[in-house]
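# Structural description and commentary
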Amino acid sequence: MNMMLMAVGILGAIGAGGATILYFIGQKFKVYEDPRIEPVQEALPGVNCGGCGFPGCNSFAIACVEAESLEELNCPVGGADTMASVASILGKTATKAAKKIAVVRCNGTCEHRPRKNEYDGATNCAIAAQLYGGDSDCSFGCYGLGDCEAVCPFDAIHVNPVTLIPEVDEEKCTACNKCVVACPKNIIELRKQGPKSRRIFVSCMNQDKGGEARKACDVACIGCGKCEKVCPFEAITIADNLAYIDDDKCRLCRKCVPVCPTNSIWELNFPPPRKKEPKVESADVEA
Amino acid sequence: MENKLVVSPSPHVHSGDTIAKNMYGVLIALVPAFLVSLYVFGLNALILTVASVLFCVITEYVIQRYMLKRIPTIADGSAIITGILLAFNVPSNLPLWILAIGAIAAIGIGKMSFGGLGNNIFNPALLGRVFLLISFPTQMTSWPLPSTMAPVDGATAATVLENMKYNPEALSSVSDMFFGLESGSIGEMSAMALLLGLIYMLWKRIITWHIPVSILVTVGLFTASIYLFDPSPANNPLIHLLSGGLLLGAIFMATDYATSPLSKNGMLIYGVGIGVVTVCIRLWGAYPEGVSFAILLMNALTPLINMYVKPKRFGEVVKNV
Amino acid sequence: MLKTFRIGGIHPKENKLSAGKSIESIPIPSEVIVPLAQHIGAPCQPVVKRGDPVKVGTLLGKSVGFVSANIHSPVSGKVKKIDKAYDSSGYKRDCVFINVENDEWDESIDTTAALVRDCSLTSKEIIDKIFAAGIVGMGGATFPTHVKLTPPPGTKAEVLIINGVECEPYLTADHTLMMEKTEEILVGIEILMKAVNVNRAVIGIENNKRDAIDKFKQFAKSYPTIEVQSLKVQYPQGGEKQLIDAVLRRQVPSGALPISVGAVVQNVGTAFAVYEAVQKNKPLVERVVTVTGKHVANPCNVLSRIGVPLTDLIDYAGGLPETTGKVVSGGPMMGKAIARIDIPVTKGTSGVLIIPTLEARRKLMKDCIKCGKCVNICPMGLNPTTLMTLTEYEVWEKAEKEKITDCIECGSCSYTCPSDRPLLDYIRLGKGKVMGIMRARKN
C-alpha cells in the first residue's frame, strides 16, 4: 500500500514538475499569431499550389490578414467564392477577378508541323530547350515532352500522345500558373476563361517571317495583319510577325477567326457556325 | 534527307557498360566457388543452387509482370545473383521448400518491395538468409559434413566458428579452410575460390578494392590485437579471416552496388564498420557467425554514409605544390 | 609515371581516324553565313549593311562589352543581307550573309607563309591586337582570349600552360596543327607569354601524340622558356582545371579562376591564331576542322573559312554516309548534336563528327543501381547521381551545396553509367538554374 502511494506520489510529482516547466517554456517562447489567420486558411483550398504568388496557402492567409485591402490578392484556385468568404471573415471587400484558365498557344501537331529530326535526350522540355529549338523547323513551338504535365498539381494538362501537344482540362485547371512558368517556350498563357468558357486566342508563338513560319508549320501565324484590320475593338496587335489578342479588349465577336489565312486563331466552345440559309432571327446569342 | 537526324545532348558516346554486363561478371566470378561446392557437396549443391535461382527469378518475374505491371527485367542477371548467393549461404541439406520461402523473402521483401534493383536498402540474399535463420534455426544450422570427408552420408558437424565458440579443440587446420575442406554453407567453403572471384572482379573493374580489403584488414587487425593479449585459438586472426562467410560476404555481398556507399571514402568506412561488427558478434555475441548481421547493419547505415561522406572534391582536399 | 590529373577520369576509345592527315584547304562556296554570336558573351553589333562590299578581314561585327569578340569577313564579296539563320546553338540568330566574289584580302594582312619570329610589341599592344583580331579560345569554349589575358587586378600569372591535349575522341585538328605549324605555335606562345608577362610556358600534350611531342621537343630547343610536357592519356585532360592539375600539380579551388593558382591556359589553336593576328595582322577568319566519323569515306582535317556551311565540309570528306544517324559539331564527349547540316562553321567548330545510326540513339534509361561509378570517375569529385536527383526534384539549395556549379560538363558520368541514365542532361539543367539563382542573389 505504501509502495503504491509512493509510486503515485512520485509519478504525480514528476508530472506536475514537467507541466510547470512546460508551461513556463510555453509562455516564454509563445509566438503571437493573429487569430484570424486560421479561419482564413481554412477557407482556402489548401493545395499549396502557389498560384497566388505566395509559397503556400498559409503565407497567402497571412498576407490577406495583413493587407489593407484584398485588391491585389486573389486565390486563382478557389476563385471568387473563396475570396468572398475570406473577405467576409476579415470584414474586407474582395475584388472580383475574372476566372482565368491556361491556354496552349501552339497547334503544331505532327500533322501540321512536320518533324525534321528526332530528339533523344532526357524527356524534359527544359533540357531540350538548352540544346536546340525543337524537332521541327519552328523554333518557337511546343516540344511535347510534358514539363507542364509534370508540374501540374491538379492533373489538368496532358500531352496528347497523338498530336504531341498538351491539352488543358477545363474542369480541372485552376490557373495556378505553374505550367506557364515551367514551359521554356512561354507557350502557355493564362487567359480569361470567358463567358461559358468561350474564348478566342492566337494559337501560335512563331516570330519568324511569314514565309518561313508557314514553311515550318501549316497553322502558323504569319503576321499578315488581316485580323488586326478586321478587329473592331483594337484588341489585336502584331509584333515580331505574330498576332496577339488582348483578352481585356476582346469582345468575342469572332470576326478575326474566318479572316485568318492559316487558321491560327482559335475559337473555343462557341456553338458551331450556322449555315447562312434562313435569316430568321438575330444570331447574337451571347450578351 | 530521308532519315531524320537524331539530336541529343552530349555526350554522344557511351562506354557500353550495362547492368547486365556487371551482373554477369559477378556470376563468372562466382563460378570457382560453385565448382568447389560441387566437389564438396556433390549433387546437393547443384540442386539447391539451381532451385534457388529459379525461385528468385520466378518471384521477380511474377511481381514485376503481374503486381507492378512493368516490363520484367529478369534478364539483367541481378535475380540470378541473389539466387546463387542465397543458396551459397544455406546448408547443403536444406529442404527445398524452406529455400523457396527464403527466395520469396529475398526478392519479394528484400528487393521488390523497395522498388526493385537499385532501390533496395538491404542486400536481398542476406535478408533472405537472415529471414530463414530466424525462422528455421535448426535447419539452418545443421551442417552436413562434406561428402569428401563424411564417414556416412548425412552426417553433420559443427562449423569452424561453432567449434571456435563452443569447442576450440576441434578446429580445422588453416590449409583445410583455405582449400575448402570443412563443413559450412554451400558457398563459403574455399577461400581460394572466393579470392579467385575477387581477383576477376577487380580485373574487370566490376568492383573496387575498397570494400573487401577494408573488411578483411579490419577483421585481421582487430582479431590480431585481441590474439596478442589472449592467444587462444578462438582468437586466431587467420582462422577468423578464412572461416565462415567472411570472404563470401566481403567479396560478394558487401560489395552489392545498391546497398553499399557511393564514394570511396564511404566504402572504407562501411568496410571497417562491417569488420568491427562481425568480430564483435563472433567473439561476444550470441551467434557464432556475424557477417550477415554486420552487412545488414551497415546496409542500413549506407544512406547516412552517403549523406555525410562526400567524394574528394577537386580543389578542396588535395594539397597544391 | 606520366603525369595526369588526380581525381577521376575515363579513357574512351580514341578513334582518331583522321590522325596523320595533313591540313587541306577547302574551296570557298558562293555564299557564306557568318553568325554574329560566335563566342561566349554578348553578340556583336553589325557594322556593315546590305550591299556593302567586303574583303577578307573587313570588320563585320563590332564587339559590345568586355566579354565579346570582333567578327571579320572571312571572304570577299558583297553583303547580301543580315538576317536570322540557324547556327550551332540550335536556334535562329543574327547572321551576315555574304555573296562571295573572288578572294581579295585586306591590304594590311600579310598572306605570305614566311615565319616572322620577332615581336617588339608591349603586353598592352599585343592584347589590343588580339582583341581587334577577334580571337577566342579555339578549343571549343570560344571564350574571348583578350579577357583571359587580362588578369583581374591583384593577381599575377606565373605560368602559361598551352593545351595540346586534344582529349576528345575522334578529333585531330589540334594534333595536325601542331605537326604542321610547330614553329608558328611556338612564336605564338612567346607572344602570349609576353602578353601575360610570364617567363615560363608549358605545353601539355597527351602521350598518344608521340610525333607531336617529339617535334615540339626538337623545335623547343631554340625557345628556352618553353617546356614540353607529355601527359598520360586520360579524359577530360583538356579541361582547364584538369590540365593545370596535371601539369603543375595545383588544383584551382571551387569557383575560382585558374589565375588563382598562377596559371593561364590557352589552346594550341589559339596560340596559332595569336601568331597570325600579331605577326601577320590576320584576324580570325579561318580554322582547322576535323571532319570524321566511322562511316565517312575520307576522314580529314580541313582548313575552312568561317561561315562555310558544314554541308560543304561533309561533301569534301566524301559526303554524308547513308548510315548517318547523328551529326555532331565538336567531339563526341562535349560536342553539340545538330539538327541540320547547313549551319555554318564558326570560330568554335573544332570538328564535325558523323555518327552512324546504330550508335546514334541512347539506350533506354534504367533505375540507378547506385554502383558509384559516376562518383568515382567524376573529374571534379562531384556526385553526379545525387545531383541528377536533386535537379529532378528541383532542390536547388542542396544542389548548390553539392557544388553543382563546379561541373565542367565533360560527360564522363553519362558515358560511364551502366543504367544509361542521362546524368549530364539533368546536371547541366540544374547547373544553369543554380547559377541563375546565385546571380540573382548577388544583384
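Within each chain, residues carry numbers counting from 1 in the order of the written sequence. A letter from A marks each chain and a number from 1 marks each ligand, given out in the order of writing. Owing to the predicted nature of the model, reporting of local features is limited to residues with pLDDT of at least 70; listing and counting of side-chain atom pairs is limited to 80 or more, with chain, interface and lining totals taken over all residues. The basis for every side-chain value is the complete set of heavy atoms in the structure, and neither hydrogens nor water enter the calculation.

### Comments concerning the overall build of chain C
Note the cut-off: Under the DSSP-based scheme used, a helix requires at least four consecutive residues in state H or I and a strand at least two consecutive residues in state E, with every element numbered from the N terminus. Just to be clear, the radius of gyration here is over C-alpha atoms, and the globule rule we use is 2.2 Å times residues to the power 0.38. We call a residue buried when its accessible area falls under 20% of the maximum for its residue type, exposed when it is over 50%, and partly exposed in between, using a 1.4 Å probe and counting protein chains only. Residue contacts are counted whenever heavy atoms from the two residues lie within 4.5 Å of one another. Residue burial considers only the protein chains on display, and all accessible areas are found by Shrake-Rupley using a 1.4 Å probe.
A count of helical and extended segments in chain C gives 14 helices and 17 strands. Here the C-alpha radius of gyration of chain C, 21 Å, is about what a compact globule of 443 residues would show, namely 22 Å. Principal axes of the C-alpha set define a box for chain C whose edges measure 60 × 50 × 50 Å. For chain C, the residues scored as buried account for 60% of the 443 residues in total. A separation of at least 24 residues holds for 74% of the contacts in chain C among residues at least 6 apart in sequence. Carbon together with sulfur atoms contributes 54% to the accessible area of chain C, which is approximately 16600 Å² in total.

### A closer look at the sheet that holds strand 5 (residues 59–62) of chain C
Residues and elements named next belong to chain C. Note the cut-off: Between any two strands, pairing holds if DSSP finds at least two bridges.
The sheet built from 3 strands is open, its strands ordered 3-5-6 with antiparallel pairing. Two strands bound the open sheet, and with one partner strand each, they are strand 3 (45–46) and strand 6 (71–72). Bridge analysis of strand 3 against strand 5 gives 2 bridges, and the strand direction is antiparallel. Bridge pairing in strand 5 links Pro46 to Gly61.

### Considering the interface of chain A and chain B
By convention, interface size is frequently given as the accessible area that disappears when the constituent parts associate. Put simply, the test is: Here's the idea: put two parts together, see how much 1.4 Å probe accessible area each one loses, and the total over both is what we call buried area. Any Lys or Arg side-chain nitrogen located within 4 Å of an Asp or Glu carboxyl oxygen qualifies as a salt bridge. Each polar contact in these results corresponds to two N or O atoms within 3.5 Å; when the atoms are within protein, one needs to be able to donate a hydrogen and the other to accept it, and residues that are neighboring in sequence are counted only if both atoms are side-chain atoms. Residues were grouped as follows: Ala, Val, Leu, Ile, Met, Phe, Trp, Tyr, Cys and Pro as nonpolar; Asp, Glu, Lys and Arg as charged; and all remaining residues, including Gly, as polar.
Counting residues at the interface gives 10 residues for chain A and 6 residues for chain B. Interface area for chain A against chain B, summed over the two sides, is near 670 Å², with a carbon-plus-sulfur share of 69%. Our enumeration of links across chain A and chain B arrives at 0 salt bridges. At the junction of chain A and chain B, the tally comes to 3 residue pairs in polar contact (both at pLDDT 80 or more). By residue number, the principal contributor to the side of chain A that touches chain B is strand 2 (residues 117–119) of chain A, which donates 3 residues. Looking at the side of chain A that touches chain B residue by residue, the class counts come to 4 nonpolar, 2 polar and 4 charged. Note that strand 2 of chain A and strand 1 (residues 5–7) of chain B share 3 bridges and pair parallel. Bridging across to strand 1 of chain B, A:Glu118 finds its partner in B:Val6.

### Things to note about the packing of helix 1 (residues 123–132) of chain C against helix 4 (residues 182–196) of chain C
All names here are of chain C. Note the threshold: Every axis corresponds to a line fitted to the C-alpha atoms, with the helix fit spanning only the stretch in contact, and the corresponding angles, defined between N-to-C directions, vary from 0 to 180 degrees. In this scheme the handedness of a crossing depends on how the near helix is turned from the far one: anticlockwise by less than a right angle means left-handed, clockwise means right-handed.
For the pair helix 1 and helix 4, interaxial distance at closest approach is 7 Å and the crossing angle is 115°. Of the two possible hands of crossing, helix 1 and helix 4 adopt the one that is left-handed. Here helix 1 contributes Ser123, Ile126, Ile127 and Ile130 to the contact with helix 4, which in turn contributes Ile191, Leu192, Lys194 and Ala195.

### A look at the side chain of C:Ser329
Checked against the element boundaries, C:Ser329 lands in strand 15 (residues 324–329). Setting aside chain neighbours within four positions, we find C:Ser329 in contact with C:Ser88, C:Gly335, C:Lys336, C:Ile338, C:Thr349 and C:Gly351.

### Considerations on the interface of chain B and chain C
Opposite the 42 residues of chain B that make contact, chain C presents 67 residues. Here chain B and chain C share an interface that buries about 4500 Å² over both sides, 55% of which is from carbon and sulfur atoms. Contact with chain C buries surface across chain B, with B:His12, B:Leu262 and B:Phe314 losing the most and accounting together for 20% of the total. Applying the counting rule to chain B against chain C returns 3 salt bridges. Counting only elements with at least two residues in the side of chain B that touches chain C, the list comes to strand 1, helix 1 (19–41) and helix 13 (264–284) of chain B. Classifying every residue of the side of chain B that touches chain C by side-chain character gives 18 nonpolar, 15 polar and 9 charged.

### Quick word on the environment of A:Leu90
Its place among the elements puts A:Leu90 in helix 4 (residues 79–90). Taking C-alpha positions, A:Leu90 is 7.3 Å from A:Arg36, a pair spaced 54 residues apart along the chain.

### Let's talk about helix 5 (residues 210–219) of chain C
All names here are of chain C. Here is the rule: Taking the helix axis as origin, the arc is that swept by the directions to the C-beta atoms.
Those residues of helix 5 that sit buried are Ala212, Ile213 and Phe216. Down the axis, helix 5 shows its buried residues gathered within 100° of arc, on one side only. Looking at the buried residues of helix 5, the elements they touch are helix 3 (173–180), helix 4, strand 10 (201–206) and strand 11 (226–231).

### A word on the pattern of salt bridges
Per the stated rule, a full pass over the model turns up 43 salt bridges over all chains. Residues C:Arg361 and A:Glu118 are paired through a salt bridge, measuring 2.7 Å at the closest nitrogen-oxygen approach. Taken as a pair, C:Arg361 in the loop between helix 9 (357–360) and helix 10 (373–377) and A:Glu118 in strand 2 lie in two separate chains rather than in one. Classification of C:Arg361 by relative accessible area gives partly exposed; the value is 38%. For the salt bridge of C:Asp214 with C:Arg210, the shortest nitrogen-to-oxygen distance reads 3.5 Å. Here C:Asp214 and its partner C:Arg210 are both found in helix 5, 4 residues apart, which amounts to about one turn of the helix. Among the ionic contacts, a cluster of salt bridges with common partners joins C:Asp103, C:Glu276, C:Lys282, C:Glu286 and C:Arg305.

### Points about the state of the cysteines
In plain terms, the rule: By disulfide we mean two sulfur atoms from cysteines, separated by a distance within 2.5 Å.
Under the counting rule described, the total for this entry stands at 0 disulfides over all chains. Not engaged in a disulfide, the cysteine A:Cys250 finds its nearest cysteine sulfur in A:Cys256; these two sulfurs lie 6.4 Å apart.

### Here's the deal with helix 13 of chain B
Applicable threshold: What a helix is expected to span follows from its residue count: subtract one and scale by 1.5 Å.
Taking 1.5 Å per residue, 21 residues should reach 30 Å; helix 13 of chain B reaches 30 Å between its end C-alpha atoms and fits that length. Restricting attention to buried positions, one finds in helix 13 of chain B the residues B:Gly266, B:Met267, B:Tyr270, B:Gly271, B:Gly273, B:Ile274, B:Gly275, B:Val277, B:Thr278, B:Val279, B:Ile281 and B:Arg282.

### With respect to the pairing of strand 1 (residues 100–104) of chain A
For a regular strand, the rule is simple: side chains alternate between the two faces of the sheet. All names here are of chain A. Taken across its 5 residues, strand 1 has 4 buried, putting it largely inside the fold. Alignment of strand 1 against strand 5 (residues 188–192), held across 5 bridges, turns out to be antiparallel. Looking at the pairing, Val103 lines up with Glu189 of strand 5.

### A look at the domain arrangement of chain A
Residues and elements named next belong to chain A. Stated precisely, the cut-off is as follows: Boundaries of every domain are those given by an automatic assignment or by a domain database.
If you check the domain split of chain A, you get domain 1 (37–90) and domain 2 (100–268). Domain 1 and domain 2 are separated by 30 Å when their C-alpha centres are compared. If you look at the interface, domain 1 gives 6 residues, while domain 2 gives 6 residues. Taking both sides of the interface into account, the surface hidden between domain 1 and domain 2 amounts to around 430 Å²; carbon and sulfur atoms contribute 67%.

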